[in-house]
Amino acid sequence: MASLPHVVEDLGGVIQIFSDGTIRRHKLNDFIVMSIVKADNSVTWKDYCYNKLHDLYLRIYKPKATTTTTKLPVIYYLHGGGFCVGAFERAKYHNFCLRVSETLHVIVVAPNLRLAPEHRLPAAMDDALVALKWLQELATSTNPNGGQTFDDMWVGDHDVVDGFDFDRFCIFGDSSGGNIAHHLALRLGPGSLELTPVKVRGYVMLTPFFGGMERTKSEEGLPEKVLNVDVLDT
């Protein structure tokens, strides 16, 4: 008689991998943003599909106090979550993007990426580049990847679209998002010519997560209570 599937990998109960290959994500990891966001209506946001094949969306944030002729810098935000959890719907990421857009008076673009273990690396890194390509297509009014175009966006409110200053573009990555930002920097190189007319002026990596086959000095040091080596390896 075959044994029942049992847990072989457990990430704090948030994600569990079973012996038969099935994966369970804890239902508490699904958050209803509208009930917990800290918004004062100073920033507007909308979601758009940038990759229909994988049903991937990004969220665009824009300050409301903007004239129709103003072009704003763009921050491309890559959330953290160890490559396996997180989305722009999560309150902490959504609130962060709201605050950045309002405080710095910039447009923030936050893409959702495919997550491990269902989609192992480099899937998330590939998605981050595809979303950048989608923005490039918007800047040139073309859309070969099958996402939404300018004509689909903010119908009757094209000043939002015109507000993108693609010559002032920054990529910001948090934790595992910082790792992805690092790989994008290596891929795109100085000047980000591959993304023309999008001009990446800089990369910000906030506490970037790095790991590999060989232990880093921080991994060999004193263990942390939550993000210990065993959890990171999982």
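See the structure printed just above.
This text gives an overview of the structure that appears in the document. (Residues numbered from 1 in each chain as written. Predicted model: local features only at pLDDT ≥ 70, side-chain atom pairs only at ≥ 80, totals over all residues. Heavy atoms only, no water.)

Remarks on the overall build of the protein
Alright, step 1. The secondary structure content of the protein amounts to 6 helices and 9 strands.
Alright, step 2. Within the protein, buried positions represent 42% of all 234 residues.
Alright, step 3. Taking all contacts inside the protein whose residues are at least 6 apart in sequence as the whole, residues at least 24 apart take part in 66%.
Alright, step 4. Here the protein displays about 13,100 Å² of accessible surface, and carbon together with sulfur accounts for 57% of that area. (Helix = DSSP H or I, 4+ residues; strand = E, 2+ residues; numbered from the N terminus. Buried < 20%, exposed > 50% of the residue type's maximum accessible area, 1.4 Å probe, protein only. Contact = heavy atoms within 4.5 Å. Areas by Shrake-Rupley, 256 points an atom, 1.4 Å probe, with all protein chains shown as cover.)

So, the sheet that holds strand 3 (residues 23-25)
Alright, step 1. Pairing within the open sheet is antiparallel, and its 3 strands lie in the order 1-2-3. Looking at which strands have only one partner, the edges of the open sheet turn out to be strand 1 (7-11) and strand 3. Neighbour-to-neighbour, the strand axes of this sheet turn through a mean angle of 15°, independent of strand direction.
Alright, step 2. Where strand 1 meets strand 2 (residues 15-18), 4 bridges bridge the pair, whose relative direction is antiparallel. Residue pairing for strand 2: Val7 is matched across the bridge by Phe18. (Pairing = 2+ DSSP bridges. Axes fitted to C-alpha atoms, helices over the stretch in contact; angles between N-to-C directions.)

Some words on helix 1 (residues 91-104)
In an α-helix there are 3.6 residues to a turn, and that puts residues three or four apart on one side.
Alright, step 1. Its 14 residues place the ends of helix 1 20 Å apart at the C-alpha level, agreeing with the 20 Å of an ideal helix rising 1.5 Å per residue.
Alright, step 2. Ala91, Tyr93, His94, Asn95, Cys97, Leu98, Val100 and Ser101 are the residues of helix 1 that are buried.
Alright, step 3. Here the buried face of helix 1 lies against strand 4 (43-51), strand 5 (56-63), strand 6 (72-78), strand 7 (107-111) and strand 8 (164-174).
Alright, step 4. Backbone geometry just after helix 1 places His105 at a positive phi near 55°. (Expected span 1.5 Å × (residues − 1).)

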